[in-house]
Amino acid sequence: HYTQVANEACAGLTRVMLDTGVPIALGVIPAHNVSQVEQRSLVIDGESSEDNKGWEVACAVMQMLSVQSQISEKESSSVFNKKEKYGRS
């Protein structure tokens, strides 16, 4: 059952990404029980460890946003420079 849930979540998020053009990170942890979730997110006695899969996904999202921002800045300056060079507004 957890495999089907994970597959459907992935398919749904992929569809949203394709429909909107907005990058999306998938952070679903398929598991049979709470113990497996704790192992994959490495929550020990309520404290998160360094190897937390949720944290890794959050970091990946922040990196994607940073790259996307850098690309947008380069495209903006590139368009601006071309307009200036050819006297277009």
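Since the structure is predicted, the reported quantities are computational estimates derived from the model, not experimental observations. (Residues numbered from 1 in each chain as written. Predicted model: local features only at pLDDT ≥ 70, side-chain atom pairs only at ≥ 80, totals over all residues. Heavy atoms only, no water.)

Visitor: Sorry, what's going on with the overall build of the chain here?
Guide: Of regular secondary structure, the chain possesses three helices and two strands. When the helices and strands of the chain are placed in sequence order, the string is α-α-β-β-α. Counting over 89 residues, the chain shows a buried share of 4%. For the chain, contacts bridging at least 24 residues in sequence account for 35% of all contacts bridging at least 6. Only carbon and sulfur atoms are counted for the fraction: they give 56% of the accessible area of the chain, which is about 7300 Å². (Helix = DSSP H or I, 4+ residues; strand = E, 2+ residues; numbered from the N terminus. Buried < 20%, exposed > 50% of the residue type's maximum accessible area, 1.4 Å probe, protein only. Contact = heavy atoms within 4.5 Å. Areas by Shrake-Rupley, 256 points an atom, 1.4 Å probe, with all protein chains shown as cover.)

Visitor: Just checking my understanding: could you explain the pattern of salt bridges for this structure?
Guide: Side chains that carry opposite charge are capable of pairing whenever their charged atoms lie near each other. Tallying each qualifying case throughout the model produces one salt bridge. A salt bridge links Arg15 to Asp19, with the shortest nitrogen-to-oxygen separation between them at 3.1 Å. Pair noted here: Arg15 and Asp19 are both in helix H1 (residues 2-20), with a separation of four residues, about one helical turn. Judged by relative accessible area, Arg15 falls into the partly exposed class, the value being 46%. Relative accessible area serves as the criterion here: at 54%, Asp19 is assigned to the exposed category. (Salt bridge = Lys/Arg side-chain N within 4 Å of Asp/Glu carboxyl O.)

Visitor: Is there a simple way to explain helix H2 (residues 34-41) in this structure?
Guide: Because an α-helix completes one turn every 3.6 residues, residues spaced three or four positions apart along the sequence face the same direction. Capping the start of H2 is the job of one residue whose side-chain oxygen sits 3.1 Å from the backbone nitrogen of Ser35: Asn33. Where H2 ends, the next residue or the one after it, Leu42, has phi of about 45°, a positive value. (Polar contact = N/O pair within 3.5 Å; in protein donor to acceptor, adjacent residues only side chain to side chain.)

Remember that the coordinates give geometry; whether it matters functionally is a separate question.
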